[in-house]
Amino acid sequence: EELAEQRGVNLDLNIPADLPPLYTCRILVRQILINILDHTLQRMTGGWMTLEAHLREDMIAVSVIAASRELKEGGDRPSSLREKLSVSFQFVESLEGRMWLEKVSGHRLAIHFTLPAAGQATVLAIDDNESLFRLFERYLAQHRYRLVGVRDGDEGIELARELQPVAITLDVMMPDRDGWEVLQTLRTDPPTRDIPVIVCTVLDEPELAFSLGARAYLKKPIQRSDLLTALEQVLSKT
């Protein structure tokens, strides 16, 4: 707003109230917007700029449309603005989106990017160690997953039936009902048998886990990349 005022540009927002949320990296999206607005405003003297967003199929489409009698699209070279926005192009691509520039007319320019609009997907963690829930919540932050943690196997089975999570992480060494028994119940119960289960344990028994129906196996301690990779793998097969 300050830079727009300095350049004599009227800045407007057009973002629908019912636009679905993005589950993505807030820091990167913020930097993308700052980069686009900053470098576009620096090429303007007077005129107007609109930042708008809308839902396009399964994507959030964001556009910055600028109009000015003295709009300099490229400075000394036609590719100058694109080069200045190279970081934004990289960030959008890293978030599985697409970005492009559009010269509407001699005095009007539009910059567009799209990002996947995915709702939160529930991951159910069954583990008697509450610290694991906090760890997994940090791992899944800024991704499209929402973690629900439960310490008891029987309660975990009931929640799996009720919530229908996209995946379940399951500990083995639990006091009342061990993970192997819970896994067998999940695999044979019609409401839960198709939910992929990722066994997470200190034990080194992957063959047993897979023979009982686990889709993936992670040995504790578990790293962020291991959990995210396992989730991507099991969900790509569902």
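Quick look at the structure, then. (Residues numbered from 1 in each chain as written. Predicted model: local features only at pLDDT ≥ 70, side-chain atom pairs only at ≥ 80, totals over all residues. Heavy atoms only, no water.)

### Observations regarding the packing of helix 5 (residues 130–140) against helix 9 (residues 224–236)
- The N-to-C vectors of helix 5 and helix 9 enclose an angle of 70 degrees; their axes lie 10 Å apart at closest approach. Regarding the angle of helix 5 to helix 9, the classification is roughly perpendicular. Along its contact with helix 5, which presents Phe 136, Arg 138, Tyr 139 and Leu 140, the element helix 9 presents Arg 224, Leu 227, Leu 228 and Leu 231.
- Classifying every residue of the contact of helix 5 with helix 9 by side-chain character gives six nonpolar, no polar and two charged. (Axes fitted to C-alpha atoms, helices over the stretch in contact; angles between N-to-C directions. Helix = DSSP H or I, 4+ residues; strand = E, 2+ residues; numbered from the N terminus. Parallel < 35°, antiparallel > 145°, perpendicular 65-115°, else oblique. Contact = heavy atoms within 4.5 Å. Nonpolar A, V, L, I, M, F, W, Y, C, P; charged D, E, K, R; others polar.)

### Examining the nonpolar core
- Counting residues in each nonpolar core, the largest one holds 28 residues, and the members touching the most others are Ile 36, Met 49, Met 99 and Phe 113.
- Counting residues per element, the ones that place at least two in this core are helix 2 (26–41), strand 2 (48–56), strand 3 (59–67), helix 4 (86–94) and strand 5 (108–116).
- In terms of residue count, helix 2 provides more of this core than any other element does, six residues in total.
- Not counting residues within four places of it along the chain, the set of residues in contact with Met 99 comprises Ile 36, Leu 85, Ser 88, Phe 89, Val 92, Ile 111, His 112 and Phe 113. (Core = buried A, V, L, I, M, F, W, Y, C linked by side-chain atoms within 4.5 Å. Buried < 20%, exposed > 50% of the residue type's maximum accessible area, 1.4 Å probe, protein only.)

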